[in-house]
Amino acid sequence: MNPFRYERASDAASAVALLAQAPNGAFLGGGTNLVDHMKLGVAQPDLLVDVTRLPYDRIELLPDGVVRIGAAVRNSDLAADRTIRTRYPMLAQALLSGASGQLRNLATTGGNLLQRTRCVYFQDVSKPCNKRVPGSGCPAREGYHRNLAILGASEACIATHPSDMAVAMVALDAVVRVLGPNGERTIPLVGFHRLPGDEPQRDTVLEHGELITAVDLPRLPFAVRSYYRKVRDRASYAFALVSVAAALDVADGIVRDVRIAFGGVAHVPWRATKAEAVLRGAPAIEETFRQAADVELADARPLRNNAFKVPLARNVLVRTLLDLTEKEENR
Ligand SMILES: Cc1cc2nc3c(=O)[nH]c(=O)nc-3n(C[C@H](O)[C@H](O)[C@H](O)COP(=O)(O)OP(=O)(O)OC[C@H]3O[C@@H](n4cnc5c(N)ncnc54)[C@H](O)[C@@H]3O)c2cc1C
Ligand code: SF4
């Protein structure tokens, strides 16, 4: 591991100021991703600014019904929070499906959103990888890509975004609050992560030195009937091959409203807006659910060894919507 300086920020402004003067510096959350990358030589920051002691460790219900999650809130605490479990069950389920208890006790909300791809070539510094070393090539396209993207990939990169939490948050229209050298801004989570295009080294639209301070979840009453389903190679401690976060509002057999996002299929947590458009106002039946899935997945461009993800994503979505419909009927 390269030598680096460690600073513990006492307030957000000084954290941002410290990083503004360090082009190779990085914020440190729980360290469960960044420190692994430092050990592997994938990341070589010369300054770590620890932001876990900043006053962003609270989950607040604001007067307008928004739930504000501080960036330093640990994944375990977020999953256990009563407001989250009752208002947004799919978010608690997504968190609990990720990593392990020990990791979730350390991992923070901000760090979880910014965790990097698990593409094996990205993590192996002896291999080329456009994301790690721009212009060096993408061995995954011809090599091991079973876990990688079927939607929105580019010639340069076919990586997937690994976070479960982000999939549920994208479905919930979360908004990321950021403080940077030029002040505060808010960024809708749909659009926060980038498709790879010809700059796969950039995972998000954040600029260097911008600190995530919180994530806001807008009010979405029907999200009380929501579910996160994750399919993976092992029952625990494994990243998603495909996952679905869905919330469904059905009245008199018709879909009034719906939110859907896929995980494990793209460089971003994939909001399924096309499927949602098919479903709104349509009968809540298996046939419509299949049609919605097919419309969303029509743009899928799988490779040799990940074509199984297309029917898997379709089936996982249909099963999840059917389960939610049954729950609604049994209310
Ligand atoms: C064995 C293993 C299995 C795992 N399985 C899963 C899984 O199944 N599903 C899943 O979703 N995740 C999984 N994870 C990943 C885990 O969820 C992430 O490592 C964790 O969420 C990262 O959070 P952190 O606070 O530790 O981030 P860190 O490692 O501290 O930081 C990650 C990145 O975020 C940046 N950062 C941190 N905080 C901020 C902030 N406030 N503002 C701006 N930038 C910031 C850092 O600079 C760094 O670039 C697994 C990890 C391991 C090691
Ligand atoms: S898919 Fe992306 S992360 Fe993986 S080797 Fe190719 S460029 Fe690197």
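Residues numbered from 1 in each chain as written. Chains lettered and ligands numbered in written order. Predicted model: local features only at pLDDT ≥ 70, side-chain atom pairs only at ≥ 80, totals over all residues. Heavy atoms only, no water.

Draft legend 1. Representation of the overall build of the protein. The number of helices and strands found in the protein is eleven helices and twelve strands. In terms of its C-alpha atoms, the protein occupies a principal-axis envelope of roughly 60 × 50 × 35 Å. Here the contacts in the protein between residues at least 6 apart in sequence split such that 63% fall between residues at least 24 apart. In the structure as shown, the protein presents an accessible area of about 14,600 Å², 50% of it carried by carbon and sulfur atoms. (Helix = DSSP H or I, 4+ residues; strand = E, 2+ residues; numbered from the N terminus. Contact = heavy atoms within 4.5 Å. Areas by Shrake-Rupley, 256 points an atom, 1.4 Å probe, with all protein chains shown as cover.)

Draft legend 2. The arrangement of the sheet that holds strand β12 (residues 270-271) in detail. Pairing in this open sheet of four strands is antiparallel, and the strands run β9-β10-β11-β12 from one edge to the other. The open sheet is flanked by β9 (226-231) and β12, the only strands paired with a single partner. Where strand β10 (residues 242-251) lies against strand β11 (residues 254-263), nine bridges are found, and the strand directions are antiparallel. Following the sheet pairing, Ser-243 is matched in β11 by Gly-263. Across the sheet, helix α5 (residues 89-96) is in contact with β9 and β10; its angle to β9 comes to roughly 25 degrees. Across the face of the sheet, helix α11 (residues 309-329) comes into contact with β9, β10 and β11 while running at roughly 35 degrees to β10. (Pairing = 2+ DSSP bridges. Axes fitted to C-alpha atoms, helices over the stretch in contact; angles between N-to-C directions.)

Draft legend 3. Spotlight on the sheet that holds strand β1 (residues 5-8). Strands sit in the order β1-β3-β2 across an open sheet of three strands; the sheet is parallel. The outermost strands of the open sheet, each flanked by one partner alone, are β1 and β2 (25-28). Strand-to-strand twist across the sheet, computed as the mean angle between neighbouring axes with direction ignored, equals 25 degrees.

Draft legend 4. Structural detail: the side chain of Asn-33. In this structure, Asn-33 sits in the loop between β2 and α2 (34-40). Filtering out sequence-adjacent residues up to four positions away, Asn-33 remains in contact with Gln-115, Arg-116 and Arg-118.

Draft legend 5. The arrangement of the site of ligand 1 in detail. Near ligand 1, the surroundings consist of 34 residues, among which Phe-27, Gly-31, Thr-32, Thr-108 and Asp-164 are the closest. Between ligand 1 and Ile-212, the relevant distance is 2.9 Å, taken from a nitrogen atom to a main-chain nitrogen or oxygen of the residue. For ligand 1, the protein covers 91% of the area, taking 980 Å² as the surface of the free molecule. Among the elements of the structure, β2, α2, α7 (109-113) and β8 (211-217) are those that each provide at least two residues to the shell around ligand 1. (Near = heavy atom within 4 Å. Polar contact = N/O pair within 3.5 Å; in protein donor to acceptor, adjacent residues only side chain to side chain.)

Draft legend 6. Representation of the nonpolar core within the structure. Ile-69, Ile-84, Leu-91, Leu-113, Met-169 and Leu-217 are the most contacted members of the largest nonpolar core, which totals 39 residues. Counting only elements with at least two residues in this core, the list comes to β5 (67-70), α3 (75-80), α5, α8 (165-171), β6 (175-180), β8 and β10. By residue number, the principal contributor to this core is α8, which donates seven residues. Excluding anything up to four places from it in sequence, Leu-217 contacts Gly-65, Val-66, Val-67, Ile-69, Ile-84, Tyr-88, Leu-91, Met-169, Leu-172 and Ala-174. Formed by 32 residues, the second largest nonpolar core is a distinct cluster that contains Leu-151, Val-268, Leu-317 and Leu-322. (Core = buried A, V, L, I, M, F, W, Y, C linked by side-chain atoms within 4.5 Å. Buried < 20%, exposed > 50% of the residue type's maximum accessible area, 1.4 Å probe, protein only.)

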